[in-house]
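Structural characterization, general
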Amino acid sequence: MTTTPSRGRRRAPSKIERAAGKAVALQKPRVILALLLLLGLCSVMLLDGYLRSEIGNDARVRDGAAYDKVPQKILDGGPLLTFDNGTAKTESVPKKTIVLTFDDGPTPTWTPQILKVLEDNDVEATFFMVGSMVSRYPGVVKDLVDQGNEVGIHTFTHVDLSYQSTARLQRELQQTQLALAGAAGIQTTLFRAPYSSEINAVDNYSWPVYQKIGNLGYTSVFVDTDSDDWKRPGVSKIVQWATPKKNKGAVVLMHDAGGDRAQTVKALNTYIKKMKAKGYTFTTVSGAEAKLARQNAPGNARQAAGAGTGRLGGQANGRQPTGTAVSSTTVEQAAHSKATGATLYEGKALIWAVAVAEWVVPALSWFLVVVGVAVMGRFGMMLILARHHYRKRNRKRGRGGKFSWGPTVTRPVTVIVPAYNEKECIANTLRSLAKSTHPIEIIVVDDGSEDNTSEIAESLGMPNVRVIRQENAGKPAALNNGVRNASYDIVVMMDGDTVFEPDAVHQLVQPFAEPEIGAVAGNAKVGNRNTMIGAWQHIEYVMGFNLDRRMYDLLRCMPTIPGAIGAFRRDAVLEVGGMSEDTLAEDTDITIAMHRAGRRVVYQEHAKAWTEAPGSLKQLWSQRYRWSYGTMQALWKHRKSLTDKGPSGRFGRVGMPLVVLFQIITPVFAPLIDVFTIYSMIFVDFQAALLAWLAVLAVQLICAAYAFRLDREKYRYLAMLPLQQLAYRQMMYLVLIHSCVTALTGGRLRWQKLKRTGEVGTPAGVS
């Protein structure tokens, strides 16, 4: 037994220990930030889905209902329906007067073209707008209002209100009013129901809706003449169908959205010129009401000018009015009022939120495609390269004969076992090493254990075992202590909870027959795989870690030698400064350092070790959080390899981008696949989304099955793969996102000791 002497004074804390207090203080805010980011993403998606009628969409349209409860005078009345103290009244447009109305907009394509035609012909029109479209294209609405046109509400989501509750009706009105307030700073008292036409089509179901809307202070506007431009019958037909009969006045319906409106744009110019030639005048709904007022009350200019504005004091948004009359408003825009106070700011907030959703969701959708292609590309590349690697390393005949690293390495090596409170595992670990078919020296470095780890190691009475005690300084320091005390030129590093197969050391050191090889990664297996968490990690180890290592080996850019089983040339370790405390992933750090020193790192699949994986979700989170964060630290530390030459540059320009792409960027954004899948299942097309998810699962199953075949593992564990995708993978995503947030906020972590059970015994016990 050897004890590292103490200097008689308190050891200075390491870099990681000095940052421990800060790290603990920052953990909760980071978790909250990650959850807020996830909540923000879900909110943006829900808002975008609502705007596009994927959420809350009700495509029902009522047709052929009875109308016996509707007053006959209403059915025989004009297209302008108002309510005065609960009493319904209709009015018709004056003779030779046309109120041009456009439904379903705005759109950035057709509405500006229609506005150009109106401006060229000095005509104003009334646009009944869908609130969701207003919020998406606020600039078009502002231009429309500034040009002198009038705006009305066409609900927020274009639903048949006869099927909706009173609460939904009020939301449709309120949300559209907010959109108009945010887009153009106005509110309006004009309303047109989706799927409405002439007033004689009002039925027993829609009549109560119009009563509610009228009592809120709105004028409901119906149609006298429908151009049916949505059918795209041709310019001449649109002009013909839009022309009133016998010089009557009319509210004419056209559309500036809902499809290709090129015919509407062409027909509009022809129509305006034709009707003007016949002596017709064009105005808005408010303009027609003012004209009616002048006819009914000659000489009353104040009343005439106020016609159409009498409802501004009503509850036009379903609440107490917040708008005020705009002093500069013309008669043609008398239905408008200026949005003020909370309504104005809420409207601007809505427009801003929609703008964010309009940018974020499409961007994420495209990025999702990139992520999907990258994931599928990674699977394809792993399968191809892993097959090539397997066939090359297991070649028994053919060109070049049987594969060999060179002359068999038989000289003794040193096995270093760092241990901290490993009383449950240390005996099994050392007994497995005692069965080694290769001559070894074993150094157990007790890193200040608070249990009887070192006593257990000594009590086994193994002649080739040395126990070195040191004050607790962390795993890197323990490994460095072992390297300094090693008797041989090759050192094998392992964890204190790991069990080696008898030939593991012999297989692991054979690549050192090639002088350029400086380090070898072994094949780590999950020993405690008979629990659900253990089985999930077993799949991950076989499919992810080992397939990855085959690929990286062929590309000569191995990023990590597992701490559970790895071998190094002693002089190479000393050359790069030993195991560093700069990062939490000392195994990744030393591996990259080997590349930068010009050493080659390879994977030896036949060197197998069995390790005890975390047995609880809390421990698993702690381990993977440290791994992922430590990997980021190591990559950042060695970022200069991007511009290096030789093996270092090869890792920097090949290995590092692959690690960043496949182990950081892709996994961070991979949850988008699941979020979009769940969203699609709930709001879009459940069957199509489910089939897409099953297709991706099938690809992963194929890759996993092939990985299991290469490692000669039992396929039965693959039955856990679907559940792994639903639960375990989500946790790994959150861990990585948490690590990214930690890295971005400049936090540091301390070494985290996992609770061991010692249930991983001899390799033969693994089934």
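Residues numbered from 1 in each chain as written. Predicted model: local features only at pLDDT ≥ 70, side-chain atom pairs only at ≥ 80, totals over all residues. Heavy atoms only, no water.

**Some words on the overall build of the protein**
In terms of helices and strands, the protein carries 25 helices and 21 strands. Residues classed as buried in the protein amount to 54% of the 767 residues present. The contacts of the protein with a sequence gap of at least 6 include a subset with a gap of at least 24, amounting to 81%. Within the structure as shown, the protein displays about 33,100 Å² of accessible surface, and the carbon and sulfur contribution to it stands at 57%. (Helix = DSSP H or I, 4+ residues; strand = E, 2+ residues; numbered from the N terminus. Buried < 20%, exposed > 50% of the residue type's maximum accessible area, 1.4 Å probe, protein only. Contact = heavy atoms within 4.5 Å. Areas by Shrake-Rupley, 256 points an atom, 1.4 Å probe, with all protein chains shown as cover.)

**Focus on the pattern of salt bridges**
Taken as a whole, this structure holds 28 salt bridges when the rule is applied. With a closest N to O distance of 2.9 Å, Glu713 and Arg529 form a salt bridge. Placement of Glu713 in the loop between α24 (686-710) and α25 (721-744) and of Arg529 in the loop between β19 (517-526) and α18 (532-555) is noted, with a sequence separation of 184 residues between them. Exposure class is identical for Glu713 and Arg529. Each is buried. Across the salt bridge formed by Arg599 and Asp571, the nearest N and O atoms sit 3.8 Å from each other. Highlighted residues: Arg599 in the loop between α20 (586-596) and β21 (600-611) and Asp571 in helix α19 (residues 570-575), separated in sequence by 28 residues. Of the residues examined, Arg599 reaches a relative accessible area of 16% and is grouped as buried. When its relative accessible area of 46% is taken as the criterion, Asp571 is described as partly exposed. Through salt bridges with shared partners, a single network forms among Lys525, Arg529, Arg550, Glu605, Asp711 and Glu713. (Salt bridge = Lys/Arg side-chain N within 4 Å of Asp/Glu carboxyl O.)

**Looking at the packing of aromatic side chains**
Tallied over the full model, the rule gives 5 aromatic pairs. When the centroid spacing of 5.0 Å and the interplanar angle of 20° are considered together, the rings of Phe102 and Phe127 count as stacked. Taken as a pair, Phe102 in strand β4 (residues 97-103) and Phe127 in strand β5 (residues 126-129) lie far apart in primary sequence, 25 residues in all. In this structure Phe102 comes out as buried when scored by relative accessible area, which is 0%. Taken together, a centroid distance of 5.0 Å and an interplanar angle of 55° make the contact between Tyr210 and Phe222 tilted. In this pair, Tyr210 is assigned in helix α8 (residues 207-215) and Phe222 in the loop between β9 (219-221) and β10 (225-226), connecting sequence segments 12 residues apart. (Phe/Tyr/Trp six-rings, centres within 6.5 Å; stacked < 30°, edge-to-face > 60°.)

**With respect to the nonpolar core**
A general trend in soluble globular proteins is that nonpolar side chains are found buried together. With 64 residues, the main nonpolar core has Leu100, Leu118 and Tyr271 as its most contacted residues. Leu118 has contacts with Leu100, Val123, Ala125, Phe127, Gln147, Asn149, Leu268 and Ile272, leaving out every residue within four places of it along the chain. (Core = buried A, V, L, I, M, F, W, Y, C linked by side-chain atoms within 4.5 Å.)

**A closer look at the environment of Asn485**
Within the secondary structure, Asn485 is located in the loop between α16 (475-484) and β17 (490-494). On the accessibility criterion, Asn485 (27% relative accessible area) is partly exposed. The contact partners of Asn485, leaving out residues within four places of it in the chain, are Glu441, Ile443, Arg466 and Ile468. A polar side-chain atom of Asn485 sits 2.8 Å from the main-chain carbonyl oxygen of Asn481. (Polar contact = N/O pair within 3.5 Å; in protein donor to acceptor, adjacent residues only side chain to side chain.)

**Details of helix α4 (residues 110-120)**
For α4, the complete set of buried residues consists of Trp110, Thr111, Ile114, Leu115, Val117 and Leu118. End-on, the buried residues of α4 take up no more than an arc of 160°, which puts them together on one face. In this fold, the buried residues of α4 make contact with β4, β5, α6 (138-146), β11 (250-255) and α10 (262-277). Just past α4, the residue Asp122 takes up positive phi, approximately 55°. (Arc of directions from axis to C-beta.)

**A word on the pairing of strand β16 (residues 465-470)**
Within β16, 5 of the 6 residues are buried, which leaves the element mostly enclosed by the surrounding structure. Note: strand β15 (residues 440-447) against β16, 6 bridges, orientation parallel. Counted as the bridge partner of Ile443 is Arg466 from β16. Handedness of the β15-helix α15 (residues 453-459)-β16 crossover: right-handed. (Pairing = 2+ DSSP bridges. Right-handed = clockwise from strand over helix to strand, strands pointing away.)

**Quick word on the side chain of Arg192**
Within the secondary structure, Arg192 sits in the loop between β8 (190-191) and α8. Only 2.8 Å separates the side chain of Arg192 from the side chain of Asp103, close enough to count as a polar contact. If near-sequence neighbours (up to four positions away) are discounted, Arg192 is found in contact with Thr101, Asp103, Phe128, Ile153, His154, Val221, Phe222, Val223, Val251 and Leu253.

**Some details on the pairing of β21**
Across the 12 residues that make up β21, a large majority, 10, are buried. Pairing analysis gives 2 bridges linking strand β18 (residues 499-500) to β21, with the strands arranged antiparallel. Across the sheet, the residue bridging to Phe500 is Ala609, located in β21. With 8 bridges connecting them, β19 and β21 associate as parallel partners. Within the sheet, the bridge partner assigned to Ala521 lies in β21 and is Tyr603.

**So, a nonpolar patch on the surface**
Taken together, the side chains of Trp366, Val369 and Val373 make up a nonpolar region of the molecular surface, amounting to roughly 370 Å² of accessible area. If you trace the backbone, Val373 turns up in helix α13 (residues 341-393). (Patch = residues over 30% accessible without salt bridge, like charges linked within 9 Å, V, L, I, M, F, W, Y side chains within 5 Å.)

**With respect to the side chain of His438**
Mapped onto the elements, His438 comes out in the loop between α14 (426-434) and β15. From its side chain, His438 meets the backbone oxygen of Arg411 in a polar contact 2.8 Å long. Not counting chain neighbours up to four residues away, the residues in contact with His438 comprise Val409, Thr410, Arg411, Val413, Val505, His506 and Val509.

**What about the packing of α20 against helix α21 (residues 617-637)?**
A pair of packed helices can be characterised by two numbers: the angle between their axes and the separation between those axes. At their nearest, the axes of α20 and α21 sit 9 Å apart, and the two run at 25° to each other. By the angle between their directions, the pair α20 and α21 is classed as roughly parallel. Where α20 crosses over α21, the handedness of that crossing is right-handed. The segment α20 lies against α21, with Thr588, Asp589, Ile592 and Arg596 engaging Thr631, Ala634, Leu635 and Lys637. Residues of the contact of α20 with α21, tallied by class, amount to 3 nonpolar, 2 polar and 3 charged. (Axes fitted to C-alpha atoms, helices over the stretch in contact; angles between N-to-C directions. Parallel < 35°, antiparallel > 145°, perpendicular 65-115°, else oblique. Left-handed = near helix turned anticlockwise from the far one by under 90°. Nonpolar A, V, L, I, M, F, W, Y, C, P; charged D, E, K, R; others polar.)

**Quick word on the environment of Arg431**
Checked against the element boundaries, Arg431 lands in helix α14. Along the chain, Arg431 and Val499 lie 68 residues apart, while their C-alpha atoms are 8.4 Å from each other.

**So, the confidence of the model for the protein**
With 86% of its residues at a pLDDT of 70 or more, the protein shows a mean pLDDT of 85. Ignoring residues within four places in sequence, the model shows residues 15-26, a span with pLDDT below 50, making 18 contacts including any to other chains. Counted against residues more than four places away or in other chains, residues 301-328, with its pLDDT under 50, gives 65 contacts. (pLDDT = per-residue confidence, 0-100.)

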